[in-house]
Amino acid sequence: MKNLQEILETENGRTFLKDNGVYLDTKEFADSLDRPRNANCSEKFVYGAQQLYLDYGLGVTLKIAALKELEQLGVATDFIWIDTDKAGSDKLITRFLWPGIMDESSKGYSVVSVKRSRSKEIRFVELDKRHIENTRRSFAEVLKASEIEEDGRIFTNFWRYFQSAVNLQELNLSTTYFLLYNYFDYTPRSMLSSKIKETQSFKNEVNRFIAQIDDVIFEANKSVERLVNADINPQVHEFGEDYLPLFVTCESDLRRQPLRRVKEGFDSYGVANCNCGNEMKFYLGKKDTLSADDVFEKENWSPDVTLPIYINDSYSGAVVGKSSALYGIVLNDVMKNVLGKDPIPMLVSPVDPRVTRDIGNGLIPFYFTKSELGMVSNLDL
Ligand SMILES: [Zn+2]
């Protein structure tokens with residue numbers, strides 16, 4: 001099945017994307033935007049979203065470049081940092097890489113114990129000062145051996161965020177903004193998924209989705225099949241009949257677990273079983289009146305990849321990556337055909353030659369190898 005890059009190579013493929021609300025040109029995308037349907041907002045408003053990493057490769061950096069360009073075209077921009085995923089879902093969440101010494105396939109420098117953090121959301125991963133100090137020392141040795149660190153300020157500026165953060169979410173957010181500001185001289189307004197999910201409008205949208213969960217599952221699977229039949233990789237699996245779009249964190253060991261729907265007579269429950277033996281169970285209601293209000297009472301719930309559905313009406317458009325563009329088509333089909341929504345256009349961040357040249361190894365290697373950087377020492381985060 002074709003990935004996005006392969007789809008982009010043919011005229012038919014590009015037409016397919018356009019017909020499904022996926023734009024490839026920033027100006028054309030900006031012109032297509034309306035004001036958000038559901039917001040007190042008089043201007044066009046676009047968001048990008050990404051898991052909150054410690055360092056970023058080309059894909060994410062191109063999203064920020066596209067948002068900066070949109071802002072220059074008069075569009076307001078938000079960036080939604082997903083801090084509600086497992087720390088083990090991508091290696092750049094807990095580690096950064098260094099070219100030459102640490103290549104793509106190696107583990108890189110971890111800032112937490114990866115083994116102990118893997119199953120937890122990053123906001124629940126506490127930092128261990130000794131682990132960080134060991135990482136700092138061995139990284140300093142590498143810089144010294146590479147003869148990069150001529151002026152201690154660069155290293156100090158980078159590292160001071162590691163001293164003040166108490167958990168991985170805080171650490172990643174502050175280093176992210178430090179790195180982005182250094183590279184782009186621009187940062188989009190920052191939102192965290194752990195905060196957005198607590199708004200009433202978000203919860204209402206999740207409830208609207210869950211109230212129609214059987215139709216949602218049917219439509220999503222039909223859409224996945226439509227993409228597969230067109231030889232396109234939908235980037236999501238088929239949805240099982242016990243599917244729910246939510247996760248909960250176990251209170252005993254902080255592991256994040258998916259909620260499944262279990263029916264007992266006319267009643268439905270959201271149930272998650274943790275590896276530690278703990279069972280979490282929430283009442284969802286009777287058929288046709290399902291809601292996740294019981295789940296929302298706990299702060300430790302989080303949404304899955306359907307998050308764009310719940311914020312669709314608050315924005316005019318979204319800047320997406322290669323896989324989110326494709327599963328975004330599935331989400332759009334659900335919005336149109338089940339939820340009565342009008343899906344907002346998506347922009348696949350275009351290639352920016354400057355970013356492509358600079359960010360092959362990540363923002364951290366770029367920061368340390370460009371001596372003109374490191375000047376932003378008073379950045380107020
Ligand atoms: Zn547990």
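In this convention, every chain numbers its residues from 1, walking through the sequence in written order. Local features in a predicted model are, by the rule used here, given only for residues with pLDDT of at least 70; side-chain atom pairs are given and counted only at 80 or more, and totals for whole chains, interfaces and linings are based on all residues.

## Some details on the domain arrangement of the protein
Next up, step 1: Note that the domain bounds reflect an automated or database-derived domain assignment. Once the domains are mapped, the protein shows domain 1 (42-189 + 353-370) and domain 2 (200-346).
Next up, step 2: Relative to domain 2, the C-alpha centre of domain 1 lies at a distance of 28 Å.
Next up, step 3: Listed per partner, the contact involves 15 residues of domain 1 and 13 residues of domain 2.
Next up, step 4: Secondary-structure elements contributing two or more residues to the side of domain 1 that touches domain 2 are strand E2 (45-51) and helix H4 (58-72).
Next up, step 5: In the side of domain 1 that touches domain 2, the residues fall into 6 nonpolar, 4 polar and 5 charged. Here the contact rule is simple: place C-beta atoms from the backbone, and any two residues whose C-beta atoms are within 7 Å are in contact. Comment: elements are numbered from the N terminus, with helices defined as DSSP H or I runs of at least four residues and strands as E runs of at least two. For this classification, the nonpolar set comprises Ala, Val, Leu, Ile, Met, Phe, Trp, Tyr, Cys and Pro, the charged set comprises Asp, Glu, Lys and Arg, and every other residue, Gly included, is treated as polar.

## Focus: H4
Next up, step 1: Given the number of residues in a helix, its expected span is that number minus one, multiplied by 1.5 Å. Compared with an ideal rise of 1.5 Å per residue, which puts 15 residues at 21 Å, H4 spans 21 Å between its outermost C-alpha atoms and is within 8% of the ideal.
Next up, step 2: Two residues or fewer after H4 comes Gly74, characterised by a positive phi angle close to 90°.

## Looking at the environment of Thr77
Next up, step 1: Note on placement: Thr77 falls in strand E3 (residues 76-82).
Next up, step 2: Setting aside its immediate chain neighbours within four residues, Thr77 contacts Val46, Leu67, Leu70, Glu71, Pro188 and Arg189.

## Describing the sheet that holds strand E7 (residues 243-249)
Next up, step 1: Strand order across the open sheet formed by 5 strands is E10-E9-E8-E7-E11, with antiparallel pairing between neighbours. Of all the strands in the sheet, just strand E10 (279-286) and strand E11 (301-303) have a single pairing partner and so form its edges. With strand direction ignored, the average angle separating the axes of adjacent strands in the sheet is 35°. Note: two strands are recorded as paired if DSSP finds a minimum of 2 bridges between them. Axis lines are fitted through C-alpha atoms, for helices just across the contact stretch, and the angle between N-to-C directions can take any value from 0 to 180 degrees.

## Describing the sheet that holds E3
By way of backbone hydrogen bonds, the strands of a sheet pair with one another, either parallel or antiparallel.
Next up, step 1: The strand order across the open sheet formed by 6 strands is E1-E13-E12-E2-E3-E6, and the pairing between neighbours is parallel. Of all the strands in the sheet, the pair left with one neighbour each is strand E1 (22-23) and strand E6 (189-192).
Next up, step 2: One ladder, built from 3 bridges, connects E2 with strand E12 (residues 317-320); its direction is parallel. Paired with Gly48 across the bridge in E12 is Val319.

## Regarding helix H14 (residues 322-337)
Because an α-helix packs 3.6 residues into every turn, residues spaced three or four apart end up facing the same way.
Next up, step 1: Between its first and last C-alpha atoms H14 spans 24 Å; for 16 residues at 1.5 Å apiece the expected length is 22 Å, and the two agree.
Next up, step 2: By the largest-angle criterion, Gly328 marks the main kink of H14, which is about 25°.
Next up, step 3: Every buried residue of H14 is listed here: Ser324, Ala325, Leu326, Tyr327, Gly328, Ile329, Val330, Leu331, Asn332, Val334 and Met335.
Next up, step 4: Looking at the buried residues of H14, the elements they touch are helix H1 (4-8), E1, helix H11 (213-229), helix H13 (307-311), E12 and strand E13 (346-348). Bend at a given residue is defined as the angle between two axes, one fitted to the seven residues that end at that position and one fitted to the seven that begin there. Buried, partly exposed and exposed are defined by the number of other C-beta atoms within 10 Å of a residue's own C-beta, namely 20 or more, between the two limits, and 12 or fewer respectively, with C-beta atoms placed from the backbone.

## What about unusual backbone geometry?
Next up, step 1: Backbone geometry places Leu254, a non-glycine residue, at a positive phi of 65°.
Next up, step 2: By the C-beta count within 10 Å, which is 18 here, Leu254 ends up partly exposed.
Next up, step 3: Within the chain, Asp288 stands out as a residue other than glycine whose phi angle is a positive 75°.
Next up, step 4: Within the secondary structure, Asp288 is located in the loop between E10 and helix H12 (293-296).
Next up, step 5: The class for Asp288 is exposed, based on 9 C-beta atoms found within 10 Å.

## Notes on the confidence of the model for the protein
Next up, step 1: Confidence scores here are pLDDT values: one per residue, from the predictor, ranging 0 to 100. Residue-level pLDDT values for the protein average 91, and 94% of them are 70 or greater.
Next up, step 2: Within the model, the stretch residues 371-381 combines pLDDT values under 50 with 13 contacts to residues more than four positions away or in other chains.

## Considering the packing of H11 against H14
Next up, step 1: At their nearest, the axes of H11 and H14 sit 9 Å apart, and the two run at 135° to each other. The orientation of H11 with respect to H14, classified from their angle, is oblique. As H11 runs across H14, the sense of the crossing is right-handed. Touching Val216, Glu219, Ala220, Ser223, Val224 and Leu227 of H11 are Ile329, Val330, Asp333, Val334 and Asn337, all from H14.
Next up, step 2: Here the residues of the contact of H11 with H14 are counted per class, giving 7 nonpolar, 2 polar and 2 charged. If an angle is under 35 degrees, it is roughly parallel; if it is over 145, roughly antiparallel; if it lies from 65 to 115, roughly perpendicular; otherwise it is oblique. Two helices crossing with the near one rotated counterclockwise from the far one by less than a right angle form a left-handed crossing, whereas a clockwise rotation gives a right-handed crossing.

## Observations concerning the nonpolar core
Next up, step 1: Think of a nonpolar core as buried Ala, Val, Leu, Ile, Met, Phe, Trp, Tyr and Cys residues, each tied to the set through C-beta atoms within 7 Å. Counting residues in hydrophobic clusters, the biggest one holds 99 residues, and the most contacted among them are Val46, Ile210, Leu246, Ala318, Val334, Met346 and Leu347.
Next up, step 2: With 8 residues, the single largest contributor to this core is H14.
Next up, step 3: Split by domain, this core shows at least three residues from each of two domains, domain 1 (42-189 + 353-370) and domain 2 (200-346).
Next up, step 4: Ignoring any residue separated from it by four or fewer positions in sequence, one finds Leu347 in contact with Tyr23, Thr26, Phe29, Ala66, Gly317, Val319 and Val320.

## Observations regarding the environment of Ser42
Next up, step 1: On the secondary structure map, Ser42 appears in the loop between helix H3 (26-32) and E2.
Next up, step 2: As a C-alpha pair, Ser42 and Asp185 span 143 residues in sequence and 26 Å in three-dimensional space.

## Here's the deal with the packing of helix H6 (residues 129-145) against helix H7 (residues 152-164)
Next up, step 1: Taken N-terminus to C-terminus, the directions of H6 and H7 make an angle of 165°; their axes are 11 Å apart at the nearest point. Classified by the angle their axes make, H6 and H7 are roughly antiparallel. Seen along the crossing, H6 lies across H7 with a hand that is right-handed. On H7, the residues that touch Ile132, Arg136, Ala140 and Leu143 of H6 are Phe155, Trp159 and Phe162.
Next up, step 2: The residue makeup of the contact of H6 with H7, split by class, is 6 nonpolar, no polar and 1 charged.

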